[in-house]
Amino acid sequence: MLHIVLVEPEIPPNCGNIARTCAATGSRLHLVEPLGFDVSDKAVKRAGLDYWHLVEVTVHPSLDALFQRCPEAAEDLWLATTKAPRDYSAAAYSPNCWLFFGKETAGLPLAFREKYWDRCVRLPMVAGARSLNLANSAAILAYEALRQNGFPGLQGVGEMAGEGESASGMLFHQSNQI
């Protein structure tokens, strides 16, 4: 199972949107305090919509506490940071890896990034762009990790998967051509 870790998140809707991504992917959500909001905040709940019952959320008082409670996290982690030496697609993610994301205004702590320098990845952006939205970044990395592992436990096709007539009456055919 994939683990998404938000270290000191500050913006309730980001947390709610990431919780929804966790619900849709069967990932666990870990929140590291201090949080910039109360997890019962209406904005967090609203962004997660009616998916909260599908999300396992664990709140940790600190990064040290997370690693004490979950020592396996230190063995298979990836840190998302704009300062990383390589892009996220160069990493080999396992099905049970831990993806760490820092707070919106400052990112992950410097000492943490330095300790795991070889496990830092970034999302490529144009020069001058500071960063992507936290919820978008988490979704991109989560789906890359899941893609590399064959989307374990997820539905790979939708109702339009077979050949035939669509709801609008138009014929469609599945093609492997790009």
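How each quantity is defined
Residues numbered from 1 in each chain as written. Predicted model: local features only at pLDDT ≥ 70, side-chain atom pairs only at ≥ 80, totals over all residues. Heavy atoms only, no water. Salt bridge = Lys/Arg side-chain N within 4 Å of Asp/Glu carboxyl O. Helix = DSSP H or I, 4+ residues; strand = E, 2+ residues; numbered from the N terminus. Buried < 20%, exposed > 50% of the residue type's maximum accessible area, 1.4 Å probe, protein only. Core = buried A, V, L, I, M, F, W, Y, C linked by side-chain atoms within 4.5 Å. Contact = heavy atoms within 4.5 Å. Polar contact = N/O pair within 3.5 Å; in protein donor to acceptor, adjacent residues only side chain to side chain. Expected span 1.5 Å × (residues − 1). Pairing = 2+ DSSP bridges. Axes fitted to C-alpha atoms, helices over the stretch in contact; angles between N-to-C directions.

Participant: Sorry if this is basic, but what is going on with the pattern of salt bridges here?
Facilitator: Pairs may arise between side chains of opposite charge once their charged atoms sit close together. In total, this model carries 4 salt bridges according to the counting rule given. The closest approach of N and O atoms between Lys103 and Glu8, which form a salt bridge, is 3.2 Å. One end of the pair, Lys103, is in the loop between strand E5 (98-101) and helix H4 (110-115); the other, Glu8, is in the loop between strand E1 (3-7) and helix H1 (12-25), with 95 residues separating them in the sequence. Taking relative accessible area as the criterion, Lys103 reaches 24% and is therefore assigned partly exposed.

Participant: Any chance you could explain the nonpolar core here in plain terms?
Facilitator: When a protein is soluble and globular, its nonpolar side chains tend to lie buried together. Within the largest apolar cluster, 30 residues are counted, with the highest numbers of intra-cluster contacts made by Leu6, Ile18, Leu29, Tyr93, Leu99, Phe101 and Leu141. A total of 7 residues in this core trace back to one element, the largest contributor, which is helix H5 (residues 134-148). If we skip the residues at most four places from it in the chain, Leu141 touches Ala80, Tyr88, Tyr93, Leu99, Phe101, Val121 and Leu123. Counting 17 residues, the second largest nonpolar core, distinct from the first, contains Cys70, Trp98, Tyr116 and Cys120.

Participant: Explanation requested: the environment of Glu104 in the structure shown.
Facilitator: Relative to the helices and strands, Glu104 is located in the loop between E5 and H4. Glu104 gets classed as partly exposed once you look at its relative accessible area, which sits at 22%. For the pair formed by Glu104 and Ser131, sequence separation is 27 residues and the distance between their alpha carbons is 9.2 Å. With near-sequence residues (within four places) excluded, Glu104 lies in contact with Pro9, Glu10, Ile11, Asn14 and Leu134. Here Glu10 takes part through its backbone nitrogen, which lies 2.8 Å from a polar atom of the side chain of Glu104. Of note is the side chain of Glu104, whose polar atom sits 2.9 Å from the side chain of Asn14.

Participant: How should I be thinking about H5 in this particular structure?
Facilitator: Every α-helix carries 3.6 residues per turn, so stepping three or four residues along brings you back to the same face. End to end, H5 covers 21 Å across 15 residues, agreeing with the expected 21 Å (1.5 Å per residue, within 8%). When H5 is considered as a whole, its buried residues turn out to be Leu134, Ala135, Ser137, Ala138, Leu141, Ala142, Glu144, Ala145 and Leu146. The elements touched by buried residues of H5 are E1, H1, strand E4 (77-80), E5 and strand E6 (120-121). With a side-chain oxygen lying 2.8 Å from the backbone nitrogen of Ala135, the N-terminal cap of H5 falls on Asn133. A positive phi of about 75° marks Gly150, the residue just after H5.

Participant: I tried to follow the sheet that holds E6 on my own but got confused; where do I start?
Facilitator: Two strands in a sheet stick together by hydrogen bonds in their backbones, pointing the same way (parallel) or opposite ways (antiparallel). Spatially, the 6 strands line up as an open sheet ordered E3-E2-E1-E5-E4-E6, and their pairing is parallel. Two strands lie at the open edges of the sheet, namely strand E3 (57-60) and E6, each paired on one side alone. Both strand E2 (residues 28-32) and E3 contribute to a ladder of 4 bridges, which runs parallel. Its bridge partner lying in E3, His30 is registered against Thr58. Running over the sheet, H1 touches E1 and E2 and is turned about 150° from E2. Packed on one face of the sheet, H5 meets E1, E4, E5 and E6 and runs near 160° to E5.

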